[in-house]
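# Observations on chain architecture
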Amino acid sequence: MPLFAVICRDHAGKLQTRLDTRESHLAFLGAQPGVKLAGPLIENGQPCGSLLLVEGESLTEVKEWAAQDPYKAAGLFASVEVIEWKKVIG
């Protein structure tokens, strides 16, 4: 099954939104068996986005799934990019 990178960048000044929504975001990710890796992007010691590695049937499927993330629903993300990714090392 193909792998996809989901690259999310937060709106500036939305750290509290991230903190307030974290539990529902983690529950959402935990309910998806295709999530292989996930974690925050960090700038200057602070979370500024998210990077997920997701296994899925298609780009469309993963985009539709990513659009349901509670962080997105809360308005945290300024942008979300989903792109197919191929593991070469590791």
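Residues numbered from 1 in each chain as written. Predicted model: local features only at pLDDT ≥ 70, side-chain atom pairs only at ≥ 80, totals over all residues. Heavy atoms only, no water.

In the nomenclature of an unreviewed UniProt entry, the protein chain is known as YCII-related domain-containing protein of Paracoccus pantotrophus. Taken verbatim from the UniProt record of the protein chain, the Sequence similarities (unreviewed entry) comment is "Belongs to the YciI family." (UniProt positions renumbered as here; feature names shortened; annotations may be inferred.)

## Re the overall build of the protein chain
Summing up its helical and strand segments, the protein chain has 3 helices and 4 strands in all. Tracing the protein chain from N to C terminus, the helices and strands come up as β-α-β-β-α-α-β. Its C-alpha atoms give the protein chain a radius of gyration of 13 Å, within 12% of the compact-globule value 12 Å for 90 residues. Residue burial in the protein chain is summarised as follows: out of 90 residues, 33% are buried. Pairs at least 24 residues apart make up 71% of the contacts formed inside the protein chain by residues separated by at least 6 positions. Element-wise, carbon and sulfur atoms account for 54% of the exposed surface of the protein chain, whose accessible area totals about 5700 Å². (Helix = DSSP H or I, 4+ residues; strand = E, 2+ residues; numbered from the N terminus. Rg over C-alpha atoms; globule rule 2.2 N^0.38 Å. Buried < 20%, exposed > 50% of the residue type's maximum accessible area, 1.4 Å probe, protein only. Contact = heavy atoms within 4.5 Å. Areas by Shrake-Rupley, 256 points an atom, 1.4 Å probe, with all protein chains shown as cover.)

## Let's talk about the nonpolar core
By size, the foremost hydrophobic cluster in this structure holds 15 residues, and its most contacted members are Val6, Leu29, Leu52, Val54, Val62, Trp65 and Val82. Among the secondary structure elements, those contributing two or more residues to this core are β1 (3-10), α1 (15-30), β3 (46-55), α2 (59-66) and β4 (77-85). Ignoring sequence-local partners within four residues, the contact set of leucine 52 consists of Phe4, Ala5, Val6, Leu29, Leu37, Ala38 and Trp65. (Core = buried A, V, L, I, M, F, W, Y, C linked by side-chain atoms within 4.5 Å.)

## A few points about the environment of cysteine 8
Inspection of the secondary structure assignment puts cysteine 8 in strand β1. Between the C-alpha atom of cysteine 8 and that of valine 82, which follows or precedes it by 74 residues, the distance is 8.7 Å. Cysteine 8 has contacts with Leu41, Cys48, Gly49, Ser50, Phe77, Ser79 and Val80, leaving out every residue within four places of it along the chain.

## Quick word on the side chain of arginine 18
Along the chain, arginine 18 falls in helix α1. With relative accessibility at 6%, the residue arginine 18 sits in the buried group. Residues contacting arginine 18, with those up to four places away along its chain left out, are Asp10, Pro40, Pro47, Gly49, Ser50, Tyr71, Leu76 and Phe77.

## Section: the pairing of β3
Inspection of the sheet shows β1 paired to β3 by 7 bridges, in the antiparallel sense. Paired with leucine 3 across the two strands is glutamate 55, which belongs to β3. Of the strand pairs in this sheet, strand β2 (residues 35-43) and β3 are connected by 8 bridges, and their pairing is antiparallel. Looking at β3, one finds that leucine 41 is bridged to glycine 49. (Pairing = 2+ DSSP bridges.)

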